[in-house]
Amino acid sequence: MTNRSHTLQVVRDMALVLGPEVMVEQIRAIQKRSDQQSTLRKCRVPAAVLCGEQDLRTPPKRHEFMATLIHYATLHIIPNSGHYPTLEQPEIINDALREWLVQPMVLR
């Protein structure tokens, strides 16, 4: 099984276990979510913004914008992955998180 087909199977299995009601709740929560740009502009700590280079739901352009709003953000566009980079490219995600964890603490 390829990494992509494995990822799709994991997502399908999760959807089947959780059921349609949970999916509807999640979609409604996303629709009602308020804009958080002002929150991101206030963020003054190191942040890692990660996204899949082939993500169609939340494309890299959105993540690029989000990273520009956060003062100490590092953007990681994960190659060969879509909306689930933690499942599709776990080693690359782990490397990005390790890089983020070893940053010096930024004080106001």
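Quick notes on the rules
- Residues numbered from 1 in each chain as written.
- Predicted model: local features only at pLDDT ≥ 70, side-chain atom pairs only at ≥ 80, totals over all residues.
- Heavy atoms only, no water.
- Helix = DSSP H or I, 4+ residues; strand = E, 2+ residues; numbered from the N terminus.
- Buried < 20%, exposed > 50% of the residue type's maximum accessible area, 1.4 Å probe, protein only.
- Areas by Shrake-Rupley, 256 points an atom, 1.4 Å probe, with all protein chains shown as cover.
- Lys, Arg positive; Asp, Glu negative; His and termini not counted.
- Charge placed at Lys NZ, Arg CZ, Asp CG, Glu CD.
- Pairing = 2+ DSSP bridges.
- Right-handed = clockwise from strand over helix to strand, strands pointing away.
- Salt bridge = Lys/Arg side-chain N within 4 Å of Asp/Glu carboxyl O.
- Patch = residues over 30% accessible without salt bridge, like charges linked within 9 Å, V, L, I, M, F, W, Y side chains within 5 Å.
- Contact = heavy atoms within 4.5 Å.
- Polar contact = N/O pair within 3.5 Å; in protein donor to acceptor, adjacent residues only side chain to side chain.

Counting secondary structure elements, the protein chain contains six helices and two strands. Each helix and strand of the protein chain, placed in order from N terminus to C terminus, yields the pattern α-α-α-β-α-β-α-α. Along the first, second and third principal axes, the C-alpha atoms of the protein chain reach 45 × 35 × 20 Å. In the protein chain, which comprises 108 residues, the share counted as buried stands at 21%. Carbon and sulfur atoms provide 59% of the accessible area of the protein chain, an area that totals close to 8200 Å². With 13 positive and 11 negative side-chain charges, the protein chain shows a spacing of 10 Å between the two charge centroids.

What follows is about the pairing of strand β2 (residues 73–78). Sheet topology note: the strand β1 (residues 47–52)/β2 ladder contains six bridges and is parallel. Residue pairing in the sheet places C51 in a bridge with I77 of β2. Considered for its hand, the β-α-β crossover made up of β1, helix α4 (residues 60–69) and β2 is right-handed.

For the structure on display, the rule yields one salt bridge. Its salt-bridge partner being R98, residue D95 comes within 3.1 Å of it at the nearest N-O pair. Pair noted here: D95 and R98 are both in helix α6 (residues 90–101), with a separation of three residues, about one helical turn. D95 gets classed as partly exposed once you look at its relative accessible area, which sits at 47%.

What follows covers a nonpolar patch on the surface. A contiguous nonpolar patch, built from L97, W100, L101 and V102 and spanning about 400 Å² of accessible area, is present on the exposed surface. Relative to the helices and strands, L101 resides in helix α6. On the basis of relative accessibility, which here comes to 61%, the residue L101 falls in the exposed class.

A word on the environment of T58. Looking at where T58 falls in the secondary structure, it is placed in the loop between β1 and α4. Each C-alpha atom, one on T58 and one on T86, is 15 Å from the other, the two residues being 28 residues apart in sequence. Sequence-distant contacts of T58, defined by excluding residues within four places in its chain, comprise H63 and H83. A distance of 2.8 Å separates a polar atom in the side chain of T58 from a polar atom in the side chain of D55.

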